[in-house]
Amino acid sequence: MAAPTPNPRTNRLGLVLADYKGGKSTLCAGCGHNAVSERIVEAMHEMGVPPERVAKFSGIGCSSKSPAYFLSRSHAFNALHGRMPSVATGALLANRTLVGLGVSGDGDTASIGIGQFVHLMRRNVPMIYVIEDNGVYGLTKGQFSATADVGSTSKSGIANELPPIDTCALAIELGATFVGRSFSGDKRQLLSMLEGAIAHHGTALLDVVSPCVTFNDHEGSTKSYAYMKDHDEPIHEISFVPAFEDIAVEYDPGATLEVTLHDGSRLLLRKLEEGYDPRDKVVAVRRLMESRARGEVLTGVLYVDTAAPSFLDALRLADCPLALLPEREVRPTRAVLDEVMAEMR
Ligand code: SF4
C-alpha cells in the first residue's frame with residue numbers, strides 16, 4: 001500500500017504555497033526576476049496574506065511582466081511605462097484595505113518613471129515597491145539603464161560613463177519609510193526583507209539586484225544570440241536566449257561576498273552587520289555612499305521609520321474604503337452645494 005501523501009504546509013488561512021503561485025514564467029531561465037517571484041510567493045504565504053486582498057502593479061519591462069508569475073488570485077494592473085506609481089496610488093486611495101505590491105525595473109523606475117517614483121516615495125503611499133535591478137534594459141536588448149555603475153561594460157564591450165542613480169539613497173532622502181537592498185540569489189535575506197515590507201505601513205522600497213542573463217552569450221558560441229543572428233534566415237523577428245542556472249548565495253551579516261555572474265563579471269556584496277540601527281537616515285545614506293566608494297553593494301534593511309504617517313493617514317481618509325462608500329455619503333446635498341456656491345459669490 002502506498003504511503004499517505006503528507007499534507008502540504010498550510011498557513012494561518014489554511015492556504016498552501018500553490019494558492020500563491022501564478023502562471024509559468026516566460027522570462028529567461030536563470031533570470032534573477034524568477035527568483036524574486038518565488039520569494040514573493042513564499043513571503044505572502046508565510047505572512048498569511050489573503051491573495052484576494054493583494055493588488056499587483058507594474059509598468060513595462062521584463063520585471064514588469066513578472067507579476068503574471070505569482071499571486072494569480074490577486075488583482076493586477078500592468079500600467080504604462082514608468083506610470084505604475086500613479087495607478088497604484090489611485091487604487092490604494094480608492095481601497096485602503098488592499099495590500100499594494102508594485103514590481104518595476106531599473107529602467108521603468110529610474111529613467112522614464114523617475115518623476116512618478118519620487119512622488120510616490122515622498123508621499124509614503126502604503127505599498128511594497130520592488131525594483132528588480134539589473135542595470136540594463138533587458139526587454140530592448142541590454143542598453144545601460146540609469147542604475148548601471150560607471151565602468152560597467154555592455155555585451156558589446158562599451159563601458160558606461162554616466163554615474164548611477166542610487167534608488168535606495170534617493171528613497172531615503174525623499175521620505176520612504178522602509179528601504180532595503182538585496183540580491184535575488186540571497187533567498188533567506190530577500191524573504192525576510194519582503195516579510196518585513198509586508199508588515200510595514202508606509203512605502204517599503206526594496207531594490208533587488210537581479211541579474212539579466214540573456215546578454216551573457218559569447219561570440220564563439222554557436223548557440224549565442226549573435227551567432228544565431230548571423231547564420232539564420234529568420235522568417236520573423238525572434239531571439240535565441242541561453243538558459244542559465246539560478247545563482248544562489250548565503251553569507252553572514254557583516255560579511256562580504258564576491259559573486260561571479262554568468263558572464264564572468266563580479267558583484268561584491270556586503271551584508272549589514274547585526275546590531276546595525278536602521279532608524280538613522282543620515283547613517284543609512286552615509287553607509288550607502290561609503291559602500292559605493294569601495295565598489296560594494298550594501299545589502300539589508302537600510303532605513304526604517306515606523307512613526308511617519310502614511311499618505312492615507314495624512315489625507316485623513318475614512319476607514320471605509322472610498323470605493324465602498326454609498327452614494328448618499330459621497331454626493332453632497334442640494335443645500336450643501338448651494339452653500340458652496342454662495343461662498344464663491
Ligand atoms: Fe531577465 Fe534579461 Fe531575460 Fe529580461 S532579457 S527576462 S531581464 S534575463
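Up top you'll find the structure we're talking about.
As a starting point, this report considers the structure included with it. All residue numbers here refer to positions counted from 1 along the written sequence of the relevant chain. Local features in this predicted model are restricted to residues whose pLDDT is 70 or higher, and side-chain atom pairs enter the listing and the counts only when it is 80 or higher, whereas totals over whole chains, interfaces and linings include all residues. Neither water nor hydrogens contribute to the side-chain values; these are computed over all heavy atoms in the structure.

**Some remarks on the site of the ligand**
In the region of the ligand, the neighbouring residues are L27, C28, C31, H33, C62, N134, G138, C212, V213 and T214. Polar here means any residue other than Ala, Val, Leu, Ile, Met, Phe, Trp, Tyr, Cys and Pro, which are nonpolar, and Asp, Glu, Lys and Arg, which are charged; Gly is therefore polar. Residues belonging to the shell around the ligand are distributed by class as follows: six nonpolar, four polar and no charged. The near set for a molecule or strand comprises every residue that places at least one heavy atom within 4 Å of it.

**Side note on a nonpolar patch on the surface**
Here a patch means residues that are over 30% exposed by relative accessible area and free of salt bridges, tied together within 9 Å if like-charged and within 5 Å if nonpolar (Val, Leu, Ile, Met, Phe, Trp, Tyr). All accessible-area figures derive from a Shrake-Rupley calculation using a 1.4 Å probe, and residue coverage is judged against the displayed protein chains alone. Criterion for a salt bridge: a side-chain nitrogen of Lys or Arg within 4 Å of a carboxyl oxygen of Asp or Glu. A contiguous nonpolar surface patch, about 380 Å² in accessible area, is contributed by V336, V340, M341 and M344. We count a stretch as a helix when DSSP gives it H or I for four or more residues in a row; a strand needs E for two or more, and each element gets its number in order from the N terminus. Secondary-structure assignment places V336 in helix 12 (residues 334-344).

**Digging into empty space enclosed by the protein**
Unfilled space is identified by rolling a water-sized probe across the atoms. Here the term cavity refers to a set of points on a 1 Å grid, laid over the protein atoms alone, in which a 1.4 Å probe fits but cannot get out; the term pocket refers to an open set having protein on both sides within 12 Å along at least five of seven lines, with lining residues being those that place an atom within 4 Å of a point. Grid points are joined across faces, edges and corners, and a volume is the space filled by probe spheres set on the points. A full pass over the atoms with the stated rule returns two cavities of 30 Å³ or more. Quantified by volume, the largest cavity comes out at close to 60 Å³. For the largest cavity, the lining is made up of 11 residues, of which G30, G32, S184, P211 and I247 are closest to its centre. In terms of residue class, the lining of the largest cavity is made up of five nonpolar, five polar and one charged. Quantified by volume, the second largest cavity comes out at close to 30 Å³. Taken together, I40, A43, M44, L101, I128, L194 and I198 make up the full set of residues lining the second largest cavity.

**A few points about the packing of helix 5 (residues 114-123) against helix 6 (residues 167-174)**
The axes used here are C-alpha line fits, helices contributing only the stretch in contact, and every angle between their N-to-C directions lies in the interval 0 to 180 degrees. As a packed pair, helix 5 and helix 6 sit with axes 8 Å apart at the nearest point and diverge in direction by 45°. Accordingly, the angle class assigned to the pair helix 5 and helix 6 is oblique. Relative to helix 6, helix 5 is oriented so that their crossing is right-handed. On helix 6, the residues touching I114, F117, V118, M121 and R122 of helix 5 are T167, L170, A171 and L174. For the contact of helix 5 with helix 6, the per-class residue count stands at seven nonpolar, one polar and one charged. Oblique is the label for any angle not covered by the other classes, which are roughly parallel (under 35 degrees), roughly antiparallel (over 145) and roughly perpendicular (65 to 115). Left-handed describes a crossing whose near helix is turned anticlockwise from the far helix by less than a right angle; the clockwise case is right-handed. Two residues form a contact once any of their heavy atoms are found within 4.5 Å.

**Some remarks on the packing of aromatic side chains**
We call Phe, Tyr and Trp rings a pair once their centres come within 6.5 Å, taking the six-membered ring for Trp, and we label the pair stacked below 30 degrees between planes, edge-to-face above 60, and tilted otherwise. Applying the stated rule across the entire model yields one aromatic pair. Here F117 and Y129 contribute two aromatic rings whose centre-to-centre distance is 5.4 Å and whose plane-to-plane angle is 70°, an arrangement assigned as edge-to-face. Of the two residues, F117 is situated in helix 5 and Y129 in strand 4 (residues 127-133); the sequence distance between them amounts to 12 residues. There is no split in this pair, since F117 and Y129 are both buried. Here the guanidinium or amino end of K56 rests over the ring plane of F70, the centre of that ring lying 5.6 Å away. In our convention, an over-ring charge means Lys NZ or Arg CZ found within 6 Å of a ring centre and within 35 degrees of that ring's normal. A cation over a ring is seen here: K271 above Y251, with NZ or CZ 4.3 Å from the ring centre. Each residue's exposure class comes from its accessible area (1.4 Å probe, protein chains only) as a fraction of the maximum for that residue type: buried when under 20%, exposed when over 50%, partly exposed otherwise.

**Some thoughts on the side chain of R39**
Its location among the elements puts R39 in helix 1 (residues 32-46). We classify R39 as buried; its relative accessible area is 3%. Leaving out residues up to four positions away in the same chain, R39 has contacts with K187, L190, L191 and L194.

**Considering the side chain of N11**
Its place among the elements puts N11 in the segment before helix 1. Exposure remark for N11: the relative accessible area of 11% places this residue in the buried category. Ignoring any residue separated from it by four or fewer positions in sequence, one finds N11 in contact with Y20, H45 and G48.

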